[in-house]
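Now for the letters of each chain:
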Amino acid sequence: MTEVTGKINLLGLTQPEMEQFFDSIGEKRFRAGQVMKWIHHFGVDDFDAMSNVGKALREKLKACAEIRGPEVVSEDISTDGTRKWVVRVASGSCVETVYIPQGNRGTLCVSSQAGCALDCSFCSTGKQGFNSDLTAAEVIGQVWIANKSFGSVPAKIDRAITNVVMMGMGEPLLNFDNVVAAMHLMMDDLGYGISKRKVTLSTSGVVPMIDKLGEVIDVSLALSLHAPNDELRNKLVPINKKYPLEMLLAACKRYVARLGEKRVLTIEYTLLKDVNDKPEHAEEMIALLKDVPCKINLIPFNPFPFSGYERPSNNAIRRFQDLLYKAGHNVTVRTTRGEDIDAACGQLVGQVMDRTRRSERYIAVRELSSEADTPRTAVNRT
């Protein structure tokens, strides 16, 4: 369990919040910019290392504040260059952060919750249940940790992390304030200076918060679609029962319309063998998205134990892609990365101290399935 100090953690404060903090301790607001550069540009967590901050102020800061990221439990590196960090957050649970290098681009996949409050049937994170929202410091702390690990401090023009996607553990829009604060820091020049086009939030479809998001920030938006009709999506993504496709896509179109600049919605679609990968599903998807400015990212399912789903054949994946492409869509197939360290899409599990008992129920089902699949030992009677 992370130690509770009672001090304010400066790591998660946005520029306005940092300025308010210095006001509150009787200091000039320009100090906010100085300290933010030390934290985010140089990766500093020791006030004594801040050479342009006077000794008296450093002592004052040490008495009331701290710079504390999540505890790094482990770091694994895949044969393909993908990296995965397991970090422990204040609740005692562990979450996972993944870095995917590809050419000149380095994408960091960041978690927003310990576990996930939703229960999408094909996602291993959801099977871990839910424990807690991450604080803003714990969200941006994942970027801070990764940035330091690459030696990207002091800040460089050619940075290892060029893109951030809120696609790790959790539903970002259910941890709205902390995620928005962290994304502001990602884009702030006093933070990580990442373009708003290269910071992407992925949602399963929390409709009211999509509209609220458009009022406070202009990051890119990705929709975890996974089914082209309500009947199937209700099974795969249960939140669809509350916010069905017509309502959801209308909210996404409103959000993208606010962005302008020819920006489009990214559609994430996990292909599941014989479930949502048939030609008729592609045709339904074409009809569903005919008026939605979007690009489509197909994700072949990454198996995990007792999921009940399988990865489609390469032929089925290509057939699905071709149908969408011929209908005029910009469509790509995501290459599976980091599978040897369980860092592939849908495989992130961490160590969640589940408050929902969902993981307990899932484990019970797995054990029953395992027993049913185990051949009984023959007994010789004489």
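Residues numbered from 1 in each chain as written. Predicted model: local features only at pLDDT ≥ 70, side-chain atom pairs only at ≥ 80, totals over all residues. Heavy atoms only, no water.

This part covers the packing of helix H4 (residues 136-149) against helix H5 (residues 176-187). Relative orientation of the contacting elements H4 and H5 amounts to 35 degrees, with a least axis distance of 8 Å. At the point where H4 passes H5, the crossing takes the right-handed sense. For the pair H4 and H5, contact is made by Ala136, Val139, Ile140 and Val143 and by Asn178, Ala181, Ala182, Leu185 and Met186, respectively. Its residues assigned to classes, the contact of H4 with H5 comprises eight nonpolar, one polar and no charged. (Axes fitted to C-alpha atoms, helices over the stretch in contact; angles between N-to-C directions. Helix = DSSP H or I, 4+ residues; strand = E, 2+ residues; numbered from the N terminus. Left-handed = near helix turned anticlockwise from the far one by under 90°. Contact = heavy atoms within 4.5 Å. Nonpolar A, V, L, I, M, F, W, Y, C, P; charged D, E, K, R; others polar.)

A separate point is the packing of aromatic side chains. What the rule picks out here adds up to six aromatic pairs. Seen in terms of ring centroids, Trp85 and Phe150 are 6.2 Å apart; in terms of plane orientation they differ by 80 degrees. Their pairing is edge-to-face. Here Trp85 is found in strand E4 (residues 83-88), whereas its partner Phe150 is found in the loop between H4 and strand E9 (163-166), with 65 residues between them in sequence. Judged by its relative accessible area of 2%, Trp85 falls in the buried class. Relative to Tyr309, the ring of Phe301 has its centre 6.1 Å away and its plane inclined at 75 degrees; by these criteria the two rings are edge-to-face. For the pair shown, Phe301 and Tyr309 are each scored as buried. A cation over a ring is seen here: Lys148 above Trp144, with NZ or CZ 3.7 Å from the ring centre. (Phe/Tyr/Trp six-rings, centres within 6.5 Å; stacked < 30°, edge-to-face > 60°. Buried < 20%, exposed > 50% of the residue type's maximum accessible area, 1.4 Å probe, protein only. Lys NZ or Arg CZ within 6 Å of the ring centre and 35° of its normal.)

What follows deals with the side chain of Glu19. Mapped onto the elements, Glu19 comes out in helix H1 (residues 15-24). A polar side-chain atom of Glu19 sits 3.3 Å from a polar atom in the side chain of Arg29. Not counting residues up to four positions away in its chain, the partners in contact with Glu19 are Arg29 and Ala32. (Polar contact = N/O pair within 3.5 Å; in protein donor to acceptor, adjacent residues only side chain to side chain.)

Annotation from UniProt places "binding site: S-adenosyl-L-methionine" (unreviewed entry) at Gly170, Glu171, Ser202, Ser224, Leu225, His226 and Asn302. Topologically, Glu171 is positioned in the loop between E9 and H5. Judged by its relative accessible area of 1%, Glu171 is buried. With near-sequence residues (within four places) excluded, Glu171 lies in contact with Ser112, Gln113, Cys116, Leu118, Ser202, Thr203, Ser204, Gly205 and Val206. Along the chain, Asn302 turns up in the loop between strand E13 (294-300) and helix H10 (314-326). (UniProt positions renumbered as here; feature names shortened; annotations may be inferred.)

What follows concerns unusual backbone geometry. Even without a glycine there, the phi angle at His226 is positive, about 70 degrees. Located in the positive-phi region is Lys262, a residue other than glycine, with phi close to 60 degrees. Looking at the element boundaries, Lys262 is found in the loop between helix H8 (245-259) and strand E12 (265-271).

On the surface, Arg105, Arg159, Lys198 and Lys295 cluster together to form a positively charged patch. By the element assignment, Lys295 lies in strand E13. (Patch = residues over 30% accessible without salt bridge, like charges linked within 9 Å, V, L, I, M, F, W, Y side chains within 5 Å. Areas by Shrake-Rupley, 256 points an atom, 1.4 Å probe, with all protein chains shown as cover. Salt bridge = Lys/Arg side-chain N within 4 Å of Asp/Glu carboxyl O. Lys, Arg positive; Asp, Glu negative; His and termini not counted. Charge placed at Lys NZ, Arg CZ, Asp CG, Glu CD.)

On the secondary structure map, Ser204 appears in the loop between strand E10 (199-203) and helix H6 (207-216). Exposure remark for Ser204: the relative accessible area of 10% places this residue in the buried category. Leave out the neighbours within four places in its chain, and Ser204 touches Leu118, Cys120, Glu171, Leu223, Ser224, Arg233, Val237, Ile239 and Leu248.

Read from one edge to the other, the open sheet built from 10 strands follows the order E3-E4-E5-E6-E9-E10-E11-E12-E13-E14, with strand pairing classed as mixed. Looking at strand neighbours, the two that pair on one side only are strand E3 (71-77) and strand E14 (330-333), the edges of this open sheet. Pairwise comparison of adjacent strand axes, ignoring direction, gives a mean angle of 20 degrees for this sheet. In the sheet, strand E11 (residues 220-224) pairs with E12 via three bridges, with the strands oriented parallel. When the sheet's bridge partners are listed, Ala222 is paired in E12 with Thr266. Contacts between H10 and the sheet are confined to E12, E13 and E14, with E14 contributing the most and set at about 165 degrees to the helix. (Pairing = 2+ DSSP bridges.)

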